[in-house]
Amino acid sequence: ETHPLATLANKAAWEPIGEVDQEFLNSLQSLEQKPTAPWSLAIKPTLSLYRTNLISILYDRYEYTGGAHPNAMTYTFNIGLINGEPKRLKLGDILAEVVKESDVLEGFVRPRLSKLRRDRTGEGVDSLPIATHEKFIITKNGLTFPFDKYSIGAYAEGDYLLKLKWSDLRGLINKSIIPEAIP
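No experiment lies behind these values; they were computed from the predicted model shown.

Participant: Can you lay out the sheet that holds strand E4 (residues 85–88) for me, pointing to particular residues and giving the numbers?
Facilitator: Backbone-to-backbone hydrogen bonds join strands into a sheet, with any given pair of strands oriented parallel or antiparallel. Read across the open sheet, the 4 strands follow the order E1-E2-E3-E4; overall the sheet is antiparallel. Every other strand in the sheet has two partners, leaving strand E1 (40–51) and E4 as the edge strands with one partner each. Between one strand axis and the next, the sheet turns through 15 degrees on average, direction left out of account.

Participant: A description of unusual backbone geometry should follow, citing residues and the corresponding values.
Facilitator: Trans is the common state for peptide bonds, and a negative phi is the common state for residues other than glycine. With a phi close to 55 degrees, Asn83 is a non-glycine residue in the positive phi region. Along the polypeptide, Asn83 turns up in the loop between strand E3 (71–82) and E4. When its relative accessible area of 78% is taken as the criterion, Asn83 is described as exposed. Look at Tyr150: it is not a glycine, yet its phi comes out positive at around 75 degrees. By the element assignment, Tyr150 lies in the loop between strand E6 (142–147) and strand E7 (160–165).

Participant: Describe the nonpolar core, listing the residues and the values that go with them.
Facilitator: Among the nonpolar cores identified, the biggest contains 31 residues, and Leu143 and Phe145 are the most heavily contacted of them. Elements supplying a minimum of two residues to this core: helix H2 (91–94), helix H3 (101–121), E6 and E7. If you tally residues by element for this core, the top one is H3, at 5 residues. With residues up to four places along the chain from it excluded, the contact list for Leu143 reads Leu91, Ile94, Phe136, Ile137, Ile138, Leu162, Lys163, Leu164, Trp166, Leu169 and Ile173. In this structure, Ala13, Ile17, Ile57 and Tyr59 belong to the second largest nonpolar core, which totals 10 residues.

Participant: With reference to specific residues and values, describe the pattern of salt bridges.
Facilitator: Inspection of the entire model under this criterion finds 11 salt bridges. A salt bridge links Glu134 to Lys90; the nearest nitrogen and oxygen atoms lie 3.4 Å apart. Highlighted residues: Glu134 in the loop between H3 and strand E5 (137–138) and Lys90 in the loop between E4 and H2, separated in sequence by 44 residues. According to the relative accessible area criterion, Glu134 is partly exposed, its value standing at 35%. The exposure class of Lys90 is partly exposed, given its relative accessible area of 37%. As a salt-bridge pair, Glu106 and Arg110 come within 2.6 Å of each other at their nearest N and O atoms. Separated by 4 residues within a single helix, Glu106 and Arg110 lie in helix H3, roughly one turn from each other. Relative accessible area serves as the criterion here: at 38%, Glu106 is assigned to the partly exposed category. In this structure Arg110 comes out as partly exposed when scored by relative accessible area, which is 24%. The network of salt bridges with shared partners includes Glu23, Arg61 and Glu63.

Participant: So, the side chain of Ser56: which residues are in play, and what are the values?
Facilitator: Residue position: Ser56 is located in strand E2 (residues 54–64). At a separation of 2.5 Å, a polar atom in the side chain of Ser56 contacts the side chain of Asn78. Here the side chain of Ser56 touches Ile138 through a polar contact of 2.9 Å, landing on its backbone nitrogen. Once residues within four sequence positions are removed from consideration, Ser56 is found in contact with Thr46, Leu47, Ser48, Leu49, Phe77, Asn78, Ile137 and Ile138.

Criteria and thresholds
- Throughout this document, residue positions are counted from 1 along each chain, in the order its sequence is written.
- Per-residue local features are limited, in this predicted model, to residues with pLDDT of at least 70; the limit for side-chain atom pairs, both in listing and counting, is 80 or more; totals at the level of whole chains, interfaces and linings are taken over all residues.
- Side-chain figures throughout are based on the complete set of non-hydrogen atoms in the structure, without hydrogens or water.
- Between any two strands, pairing holds if DSSP finds at least two bridges.
- Only runs of H or I of at least four residues qualify as helices and only runs of E of at least two qualify as strands under DSSP, and these elements are numbered from the N terminus.
- In this description, a line fitted to the C-alpha atoms serves as the axis of each element, helices being fitted only across the stretch in contact, and the angle between N-to-C directions of two axes falls anywhere from 0 to 180 degrees.
- Exposure is judged per residue with a 1.4 Å probe applied to protein chains only, and the accessible area is read against the type maximum: over 50% gives exposed, under 20% gives buried, and values in between give partly exposed.
- Only buried Ala, Val, Leu, Ile, Met, Phe, Trp, Tyr and Cys residues count toward a nonpolar core, and they belong to the same one when joined by side-chain atoms within 4.5 Å.
- In this analysis, two residues are considered to be in contact whenever any of their non-hydrogen atoms come within 4.5 Å of each other.
- By salt bridge we mean one thing: a side-chain nitrogen of Lys or Arg within 4 Å of a carboxyl oxygen of Asp or Glu.
- A 3.5 Å cut-off defines polar contacts: any pair of N or O atoms within that distance qualifies, except that in protein one atom must be a possible hydrogen donor and the other a possible acceptor, and neighbouring residues in sequence count only when both atoms are side-chain atoms.

In short, shape yes, function no, at least from these values alone.
Encoded structure:
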């Protein structure tokens, strides 16, 4: 018998890839004339964490559709057992009982991302992308939040990758879901 977490993970982990493939094919088919340069699409999944109760995957997507430059973006996928049931996880699902997503996003993610950007460009970050509470990966060492080109700045700024160690998040993470978290 297949584990319920594996069943949901196998189904849901392929959804972003199928959606991207279909979107890419639709764009190609909608062209009125043949592209002047070859189009390309590559999606690379990286298994960040795998346990019987938790799976975290980062997808790197690269595409070129004939524009000024190729585009790269990331997708994340976290699934875990919550009260014995498999569930696609958002940040709030892994936090300790009294902790709100905004405590982590506004207390840690935005200030540290703002510092990264200020060090790179001289400008901070006024607000986070809407889906930040869904776009993170879980590692054995902490949480990682990928921010793609254009999500908080210009293409030329590149990507931002913000890593928070479990020690940074002391007392904020639910240890029954993530045992490495520090109380």
